[in-house]
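Examination of the molecular architecture
Listed below, chain by chain, are the residues.
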Amino acid sequence: MVLWSKEQDKPSEMSTGAIESKKEGAPTTYHHTNGSVHPIILTDSPEELRPEAGDYELTEVTSFSDRTEPENDRSELVAIDCRANAKGQREEDALLENASQSNESDDTSTDQSPVPSAPLKETSFSIGLQVVFPFLLAGFGTVAAGMVLDIVQHWTVFTKVTEVFILVPALLGLKGNLEMTLASRLSTAANIGQMDTAKDMWKMIMGNLALIQVQATVVGFLASIAAVIFGWIPEGHFKIGHAVLLCASSVATAFIASLLLGLIMIGVIIFSRKVGINPDNVATPIAASLGDLITLALLAGISTGLYEQLEYNDYANPLVCAFFVALTPIWVFIARLIPSTREVLYSGWEPVIIAMAISSVGGLILDKTVSNPNFAGMAVFTPVINGVGGNLVAVQASRISTYLHMSGLPMAEPSPTPKKCPTPCTTFFSSSVNSRSARVLFILVAPGHLVFLYTINSMQGGHTSLTSIFIAFYMTAALLQVLILLYLADWMVHWMWGRGMDPDNFSIPYLTALGDLLGTGFLALCFHILWLIGDRDTDVGD
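Now for a look at the structure at hand. None of these values were measured; they are calculated from a predicted model.

**What to know about the environment of Phe 165**
The residue Phe 165 is located in helix H3 (residues 164-172) in this model. Taking the C-alpha atoms as reference points, Phe 165 and Gly 363, 198 residues apart in sequence, are found 9.3 Å from one another. Ignoring anything within four residues of it in the chain, the contact list for Phe 165 reads Gln 153 and Phe 158.

Dropping the structure here:
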């Protein structure tokens with residue numbers, strides 16, 4: 001509540017309510033709230049400010065005409081109810097009045113600023129309608145990525161420098177670590193009004209693009225080091241040319257893929273806001289749909305081109321690596337200019353690096369399973385089951401994070417109804433909007449996977465026939481994976497919020513990495529069980 005003095009011409013703070021002094025000659029203040037104006041009698045001297053028993057009582061006066069004292073005998077203050085700016089609080093104003101957030105209202109009259117429109121009430125049908133098309137698009141993207149990987153694995157660079165395969169899980173994991181996190185951050189910013197003006201939008205765009213370029217360069221470099229180490233330990237010999245090739249290919253692929261996907265995400269989020277679609281429902285699936293395909297295509301093309309230069313130009317690979325690493329200070333400088341990205345720049349490395357390690361465990365399971373000829377059919381299905389699980393849990397995590405940001409509850413403070421650990425019933429069967437979206441996302445799993453499985457089968461991909469028993473085991477693995485991920489998202493996002501960590505920056509890398517680990521592990525277990533019970537058809541696709 002802001003009070004504006006007509007005599008002093010400056011605002012002062014006063015709490016909501018109206019008090020009238022019994023003492024005569026005290027100045028009057030007018031309290032304006034909820035469309036009505038209440039005069040408030042103030043004292044003339046500091047001594048009269050001391051409350052005594054019976055000195056004050058609450059009164060309610062509905063108009064100025066009830067007070068007839070001369071205006072020149074008192075100081076007159078007008079209270080202005082500063083509501084949230086309509087431009088910056090479209091959805092949040094339905095939950096609470098953020099008086100402290102209005103920094104654009106300089107009007108000294110009793111007229112209120114325009115009241116923001118109420119947020120769109122999302123039903124299960126509207127959530128499903130917005131999610132289903134990006135979800136199918138993302139699924140077909142993972143199907144295409146699996147087919148691409150099946151083709152490029154026979155290229156020269158993949159057969160001569162086998163350590164390139166080690167880069168695949170880490171670089172594909174950037175989709176969840178960077179692009180989905182970027183989409184979640186920008187979706188939250190768009191929903192709470194931080195991208196409504198052109199100036200704010202461009203600041204947010206430049207800061208976040210610079211941030212993901214820093215993260216992509218560092219993660220790509222660390223992934224190449226891990227690939228060199230994992231390739232050197234079993235073989236017992238080290239080739240400097242191959243090591244530089246891995247570093248240049250990894251850094252260049254991560255940098256270019258993150259830049260392209262970041263630009264696409266920004267376009268999707270801006271377009272979604274203009275047409276009235278919740279960006280949380282569409283941004284992360286679209287990032288996933290293109291992430292695997294673009295990353296694999298870039299890795300294959302860049303590594304092939306750099307491998308051809310090994311014989312003719314010894315400086316090509318080091319120059320490529322040095323060029324992208326040298327750009328890092330520029331991106332750091334830009335990211336530090338924006339407060340939101342500055343915080344992530346300093347504190348956002350832990351989830352990215354740990355998520356890369358988790359994905360590497362899933363990659364190890366994949367490597368050990370696919371290397372067995374009896375389980376060759378697993379390769380084409382792995383990107384699909386991992387991608388679908390990661391896409392759905394990213395949508396849910398982004399929605400819960402946006403909900404917490406809009407609730408107005410500061411981070412690191414307990415919620416009004418704290419829950420230390422949610423139960424599956426509260427996650428999936430409560431009446432809250434987050435529970436409703438969890439049910440919708442879980443229902444999409446079975447029909448979505450059936451569409452993707454028969455798409456792969458129609459393209460003669462993989463090495464496994466779609467028998468009824470295979471479909472039953474596969475669907476069990478997929479449903480169990482998504483069930484666990486949605487429950488973990490409900491717990492993890494609230495847990496991080498309660499400890500002062502922004503879920504947009506921390507939760508999605510962990511959840512998508514866990515999706516890779518669970519999906520690969522469950523799928524490998526299914527193939528082992530199918531082999532043991534006699535379902536051993538591996539001739540399809542040979």
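That shown, we press on.
**With respect to the packing of aromatic side chains**
Taken as a whole and assessed by the stated rule, the structure comprises 11 aromatic pairs. Measuring from ring centre to ring centre gives 6.1 Å for Phe 255 and Trp 331, while their planes differ by 45 degrees; the resulting arrangement is tilted. Here Phe 255 is found in helix H6 (residues 240-275), whereas its partner Trp 331 is found in helix H9 (residues 328-336), with 76 residues between them in sequence. The exposure class of Phe 255 is buried, given its relative accessible area of 7%. Note on Phe 323 and Phe 324: the rings are 5.2 Å apart at their centroids and 75 degrees apart in plane angle, and the pair reads as edge-to-face. Residue class for Phe 323 comes out partly exposed when judged on its relative accessible area of 47%. Connected via pairs of aromatic rings, a cluster forms that spans Phe 255, Phe 323, Phe 324 and Trp 331.

**A word on helix H14 (residues 433-443)**
Within the sequence span of H14, burial applies to Asn 434, Ser 435, Ser 437, Ala 438, Val 440 and Leu 441. For H14, the secondary structure elements touched by its buried residues are helix H1 (124-152), helix H12 (378-406), helix H13 (424-429), helix H15 (445-458) and helix H16 (468-498).

**Here's the deal with the packing of helix H11 (residues 349-370) against helix H17 (residues 503-533)**
Two elements in contact, H11 and H17, have axes separated by 8 Å at closest approach and are oriented at 10 degrees. Considered as vectors, H11 and H17 are oriented roughly parallel to each other. Residue-level inspection shows Glu 350, Pro 351, Ile 354, Ala 355, Ile 358, Ser 359, Val 361, Gly 362, Ile 365, Leu 366 and Thr 369 of H11 in contact with H17, the latter providing Asn 505, Phe 506, Pro 509, Tyr 510, Ala 513, Leu 514, Asp 516, Leu 517, Thr 520, Gly 521, Ala 524 and His 528. Among the residues forming the contact of H11 with H17, the class breakdown is 14 nonpolar, 7 polar and 2 charged.

**So, the nonpolar core**
Val 164, Leu 167 and Leu 246 are the most contacted members of the largest nonpolar core, which has 42 residues in total. Top contributing element to this core by residue count: H6, with 11 residues. Excluding residues within four positions of it along the chain, Leu 167 makes contact with Ala 223, Ser 224, Ala 227, Leu 246, Ser 250 and Leu 299.

**Some thoughts on the environment of Val 244**
Within the fold, Val 244 resides in helix H6. In this structure the C-alpha to C-alpha distance between Val 244 and Val 228, which are 16 residues apart in sequence, comes to 9.4 Å. Those residues within four positions of Val 244 in sequence are excluded, and the remaining contacts are Asn 317 and Pro 318.

**Quick word on a nonpolar patch on the surface**
Residues Ile 166, Phe 221, Ile 225, Ile 229, Phe 230 and Val 325 make up a contiguous nonpolar surface patch of roughly 470 Å² in combined accessible area. With 4 residues, helix H5 (residues 198-235) is the largest single contributor of residues to the nonpolar patch. On the basis of relative accessibility, which here comes to 49%, the residue Phe 230 falls in the partly exposed class.

What counts, and where the lines are drawn
Residues numbered from 1 in each chain as written. Predicted model: local features only at pLDDT ≥ 70, side-chain atom pairs only at ≥ 80, totals over all residues. Heavy atoms only, no water. Helix = DSSP H or I, 4+ residues; strand = E, 2+ residues; numbered from the N terminus. Contact = heavy atoms within 4.5 Å. Phe/Tyr/Trp six-rings, centres within 6.5 Å; stacked < 30°, edge-to-face > 60°. Buried < 20%, exposed > 50% of the residue type's maximum accessible area, 1.4 Å probe, protein only. Axes fitted to C-alpha atoms, helices over the stretch in contact; angles between N-to-C directions. Parallel < 35°, antiparallel > 145°, perpendicular 65-115°, else oblique. Nonpolar A, V, L, I, M, F, W, Y, C, P; charged D, E, K, R; others polar. Core = buried A, V, L, I, M, F, W, Y, C linked by side-chain atoms within 4.5 Å. Patch = residues over 30% accessible without salt bridge, like charges linked within 9 Å, V, L, I, M, F, W, Y side chains within 5 Å. Areas by Shrake-Rupley, 256 points an atom, 1.4 Å probe, with all protein chains shown as cover. Salt bridge = Lys/Arg side-chain N within 4 Å of Asp/Glu carboxyl O.

Honestly, that's just the spatial picture; any functional story needs more than this.
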